[in-house]
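Fold and contact review
Listed below, chain by chain, are the residues.
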Amino acid sequence: IFLPSLSEQQHIVAKLDATFDGIDKTTNISKKNITYIENIYDSFLTSVYEKCKSFPDYQEKFFGDIIKTLTDYHANGSYQTLKKKVELKNEKDFAYMVRSTDFEKNFTNNKRYISKDAYEFLTKSKVFGGEIIMSKIGNAGKIYLMPEISYPCSLAMNLFLIRLDESQSNNEFIYNFLKSKSGKIQISQRIKGTATQTITKDNVRSIKVPFVKKELQKKIVSKIYVMDENITKIKKSYIKKLDLLFKLKKA
């Protein structure tokens, strides 16, 4: 191996230590800034829904009162029947099963597929896009919004599929409330278990949600998504910076 003099080795190490120290400090600042902008967004969401209380037609309703459908994979039959009728496949087939990991990976991961017969059998848990999805076990209470899709899709295990009464409520208005501090607190209060955490359909229905006129809900959603877009841009720039810092340290 190349071995310079001891003094040169010490000089190189001192240079590396100084460089790494600078990279680590910048990395920590970037991480803190990501947390900071996430807190800004959380505060913004809270303020939006708090402001709703000042509107003359404001009400609080039970989530169950505006839910049209609350279902899951196991609504289609017994464990034995499902095992016999449904086979998960790694290779592409007629429909894919949407899992929590798909949302976490922004649908860029390897998907799981089912046959046309299996898809048609799972009539109670077909997914069409725009639904609120909630983890019911493990990461219980975690909320997702199903994107618009052009491929047949069915709900995998351990998730609830929630469709709202569209005459009353805007899905995205309720989805964003459930992601707000007030929504998260209510969800966490309804989660049971220690080793394995779960939430039941009845507990989901008992969550109290804000209710204003549907036209106003749409305006609020538009305001939320403008803020969300700005926050996402800033967050992405910091994530890119963190990636570059990691590569710089390696180099």
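For the structure, see preceding data.
Residues numbered from 1 in each chain as written. Predicted model: local features only at pLDDT ≥ 70, side-chain atom pairs only at ≥ 80, totals over all residues. Heavy atoms only, no water.

**Overview of the sheet that holds strand β4 (residues 112–114)**
Strand order in the open sheet formed by four strands is β4-β3-β8-β5, with mixed pairing between adjacent strands. With partners counted over all chains shown, the strands left at the sheet margins are β4 and β5 (126–127), one partner each. With three bridges joining them, strand β3 (residues 95–98) and strand β8 (residues 153–155) adopt parallel strand pairing. Bridge pairing links Tyr 96 to Cys 153 in β8. (Pairing = 2+ DSSP bridges. Helix = DSSP H or I, 4+ residues; strand = E, 2+ residues; numbered from the N terminus.)

**Considerations on the layout of surface pockets**
A probe matching the size of a water molecule, rolled over the atoms, marks out where space remains unfilled. There is about 1200 Å³ of room inside the largest pocket. What lines the largest pocket is a set of 29 residues, and nearest its centre among them are Phe 103, Tyr 175, Lys 179, Asp 228 and Lys 235. The element contributing the most residues to the lining of the largest pocket is helix α9 (residues 214–250), with seven residues. Among the residues making up the lining of the largest pocket, the classes are represented as 14 nonpolar, five polar and ten charged. Around the second largest pocket, the lining comprises 14 residues; the ones closest to its centre are Gly 129, Gly 130, Leu 164, Glu 166 and Asn 171. (1 Å grid on protein atoms, 1.4 Å probe; cavity = no way out; pocket = protein on both sides within 12 Å on 5 of 7 lines; lining within 4 Å. Points joined across faces, edges and corners; volume = space filled by probe spheres on them. Nonpolar A, V, L, I, M, F, W, Y, C, P; charged D, E, K, R; others polar.)

**Points about the nonpolar core**
Judged by nonpolar contacts, the single largest core of 35 residues is most densely connected at Phe 63, Ile 162, Ile 174 and Leu 178. Of all the secondary structure elements, the ones that give two or more residues to this core are α1 (6–52), α2 (63–66), β2 (67–72), β6 (132–135), β9 (159–164), α6 (171–179), β10 (208–211) and α9. At seven residues, α1 tops the list of elements feeding residues into this core. In contact with Ile 174, not counting residues within four places along its chain, are Phe 63, Ile 66, Ile 132, Leu 164, Ser 169, Val 209 and Pro 210. Counting residues in each nonpolar core, the second largest holds 13 residues, with Ile 133, Met 146, Leu 155 and Leu 159 among its members. (Core = buried A, V, L, I, M, F, W, Y, C linked by side-chain atoms within 4.5 Å. Buried < 20%, exposed > 50% of the residue type's maximum accessible area, 1.4 Å probe, protein only. Contact = heavy atoms within 4.5 Å.)

**Some details on the side chain of Ser 154**
Relative to the helices and strands, Ser 154 is located in strand β8. Side-chain polar atoms of Ser 154 contact the backbone oxygen of Ser 125, separated by 3.4 Å. Those residues in contact with Ser 154, other than ones at most four positions away along the chain, are Tyr 96, Met 97, Val 98, Ile 114, Tyr 119, Leu 122, Ser 125, Lys 126 and Val 127. (Polar contact = N/O pair within 3.5 Å; in protein donor to acceptor, adjacent residues only side chain to side chain.)

**Regarding helix α7 (residues 181–189)**
Along α7, the positions that sit buried rather than exposed are Gly 183, Gln 186 and Ile 187. The arc that holds the buried residues of α7, viewed along the axis, is 100°, so those residues lie on one side. Away from the buried face of α7 by more than 90 degrees, exposed residues Lys 181 and Gln 189 are located. Buried-residue contacts for α7 involve β6, β7 (143–145), α6 and β10. (Arc of directions from axis to C-beta.)

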